[in-house]
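Per-entry structural report
Residues per chain, in single letters:
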Amino acid sequence: MTRTLIAGGTVVNATGSSKADVLIDGETIAAVLAPGSTLLGFDVAAHVDRVIDAAGKYVIPGGVDAHTHMEMPFGGTFASDTFETGTRAAAWGGTTTIVDFVVQYPHERVLDRFAAWHEKADGSCAIDYGFHQILSDIQPESLTAMDELIAEGVTSFKLFMAYKGVFLSDDGQILRAFQKGASNGALMMMHAENGSVIDVLVEQAVAAGNTAPLHHGLTRPWQTEEEATHRAIMIADLTGAPLYIVHVSAKQAVEQIAAARDRGSNVFGETCPQYLYLSVEEQLGAPGFEGAKWVCSTPLRSRAEGHQDHMWQALRTNDLQMVSTDHCPFCMKGQKDLGLGDFSKIPNGIGSVEHRMDLLYQGVVEGRISLERWVEVTATTPARMFGMYGRKGVLQPGADGDVVVYDPKGRTSIGIGKTHHMNMDYSAWEGREIDGHVDTVLSRGKVIVDGGAYLGAKGDGVYVKRGLSQYLV
Ligand code: URP
Ligand code: ZN
Ligand code: ZN
């Protein structure tokens, strides 16, 4: 068993930062020590196999990205990252755990889909992984499967209020699933957009010849997100189910979540880097077909309306609890271009799994969130929210040795041919110059990224059997 000491850095947990050394014994953190400590009279540094010098750097828990779609069958194609390529890219960016969505389409058996996801992911991942389950049509079998999946470590279930005939559950189906969640402790997740309204707006736009990517955003106005968020909260309220709203992009949706929380409800929300930085005006409205690069749902919002600033504020005040990527990459050639001449055929999704830690660190640099809040929203809360805390999301004795050495004085240039390891033919973040750099990444004690080299291997990652959410009272 390898013993590693990460020495001389500033250890940052959600609860505070201090100069400390981190001792990893095998796969697990054995101790967080005062710098240069002795243990039982022994000089620790002299009794380990490897010392990683972290002087002048932050030592943080590995990132936990709780919303990814590797190899997802969607929009007439498949998300372009496999579990192998996507998790390797995640590792490059300091993320050491993902939670991916098992997809169930109407008439499919939920447990068959769960088995299929294991088949795809097991032995392929570079980092540890867990699963959520997507439920589309809520068959009686789906409800019993929820109990069985909880025993398998799948303790959160995503439903959709949009994508009719593909994913959409009607309000009665949502009610049934939420009733089940209220009784078995599952965390219910919601894609909150009013799909019926959006479908008519899309049909009208295309009929009027408004077919450019910009119209993806214009046909999914914030009212459709606010309304669906409110409706989901009300159904959760009447069933008692805890509710987690995914990929929140509209400030009005945040206000619905905040109001529910102020009433004492177990309602939570995540946002994603694209909703903190990108906009309808600058990205979706780019000339020609360029805007397709940023077609995702919920859509990017207007900067003039102030949604992006509101997301940062909500992260700071805990109206939103965490940041995931909703990593769902598609190439421009052969995938996004399915929607040339009709924006509604552009596969929905953006790839960011590699850049979440860096992009959120800019919030620290710009004074929008504290250093500790950075760790909290990218690692600690995702771990707590989804039943992995203690093992993931914190640097403490007994936790997995998932550690990132982050250099605040380093620089990261994002773009194709630079720091791009995702299986996409473009970067949604092309040309961004980032303050900070992921220097070294350890996954359960193994160094998988160091000094610009990838040292991990396919299959390093193991399945994480999650417990119930630890964020609930
Ligand atoms: O556009 C998106 N978000 N694609 C992935 C599927 C989803 O709704 O999360
Ligand atoms: Zn969604
Ligand atoms: Zn998603």
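Scroll up a little and you will see the structure.
Okay, the layout of surface pockets next. A volume near 360 Å³ is recorded for the largest pocket. Together, 18 residues line the largest pocket, and Tyr-163, Asp-199, Arg-220, Ser-344 and Asn-348 are the ones closest to its centre. When residues of the lining of the largest pocket are assigned to their parent elements, the largest contribution, 3 residues, is made by helix H5 (residues 195-207). Partitioning the lining of the largest pocket into residue classes produces 9 nonpolar, 5 polar and 4 charged. The volume enclosed by the second largest pocket comes to roughly 160 Å³. Lining the second largest pocket are 13 residues, with Trp-92, Thr-412, Thr-419, His-437 and Val-438 sitting closest to its centre. With 3 residues, strand E19 (residues 433-443) is the single largest residue contributor to the lining of the second largest pocket. A per-class count over the lining of the second largest pocket returns 3 nonpolar, 7 polar and 3 charged.

So, on to the coordination of the zinc ion (ligand 2). Listed as protein donors to the zinc ion (ligand 2) are Lys-158 (NZ), His-191 (ND1) and His-247 (NE2); their distances from the metal cover 2.1 Å. Taken as a pair, the zinc ion (ligand 2) and the zinc ion (ligand 3) show a spacing of 4.1 Å. Here His-191 is found in strand E14 (residues 187-191), whereas its partner His-247 is found in the loop between strand E15 (243-245) and helix H8 (251-262), with 56 residues between them in sequence. Judged by its relative accessible area of 1%, His-247 falls in the buried class.

Before going further, it helps to spend a moment on a nonpolar patch on the surface. The grouping of Leu-39, Leu-40 and Phe-42 at the surface amounts to a nonpolar patch, some 360 Å² of accessible area in total. Within the fold, Leu-40 resides in the loop between strand E4 (38-39) and strand E5 (42-43). You can call Leu-40 exposed: its relative accessible area is 83%.

Okay, the pattern of salt bridges next. By the definition in use, this model includes 25 salt bridges. One continuous salt-bridge network, built from bridges that share partners, spans Glu-27, Asp-128, Arg-391, Lys-392, Asp-400, Asp-402 and Arg-444.

Counted by the stated rule, this structure contains 2 cavities of 30 Å³ or more. Space inside the largest cavity adds up to approximately 110 Å³. Lining the largest cavity we find 15 residues, and of these His-69, Phe-74, Tyr-163, Ser-297 and Asp-326 sit closest to its centre. A breakdown of the residues in the lining of the largest cavity according to their chemical character gives 7 nonpolar, 6 polar and 2 charged. Quantified by volume, the second largest cavity comes out at close to 40 Å³. Lining the second largest cavity are Pro-61, Gly-62, Arg-391, Lys-392, Gly-393, Val-394, Asp-400 and Asp-402.

Here is what the cut-offs are and how they apply
All residue numbers refer to position in the chain's written sequence, counted from 1. All chains are assigned letters beginning at A, and all ligands numbers beginning at 1, according to the order in which they are written. Reporting in this predicted model follows two pLDDT cut-offs: at least 70 for local features of residues, and 80 or more for side-chain atom pairs to be given and counted; totals over whole chains, interfaces and linings ignore these cut-offs and use all residues. Just so you know, side-chain values use all the structure's heavy atoms and leave hydrogens and water out. Here a cavity denotes a set of grid points, spaced 1 Å apart and computed over the protein atoms alone, in which a 1.4 Å probe fits but from which it cannot get out, and a pocket denotes an open set meeting protein on both sides within 12 Å along at least five of seven lines; residues with an atom within 4 Å of a point are reported as lining. Grid points are joined across faces, edges and corners, and a volume is the space filled by probe spheres set on the points. The helix and strand labels rest on DSSP assignments: H or I over at least four residues marks a helix, E over at least two residues marks a strand, and numbering proceeds from the N terminus. For this classification, the nonpolar set comprises Ala, Val, Leu, Ile, Met, Phe, Trp, Tyr, Cys and Pro, the charged set comprises Asp, Glu, Lys and Arg, and every other residue, Gly included, is treated as polar. Coordination partners: N, O, S within 2.8 Å of the metal, 3.2 Å for Na, K and Ca; water not considered, so apparent gaps in a site are possible. To sort residues, take the accessible area from a 1.4 Å probe on protein chains only and compare it with the maximum for the residue type: under 20% means buried, over 50% means exposed, and anything in between is partly exposed. Think of a patch as exposed residues, more than 30% relative accessible area, with no salt bridge, where like charges cluster within 9 Å and nonpolar side chains (Val, Leu, Ile, Met, Phe, Trp, Tyr) cluster within 5 Å. Per-residue accessibility takes into account occlusion by the displayed protein chains alone, with areas from the Shrake-Rupley method and a 1.4 Å probe. For this analysis, a salt bridge means a side-chain nitrogen from Lys or Arg found within 4 Å of a carboxyl oxygen belonging to Asp or Glu.

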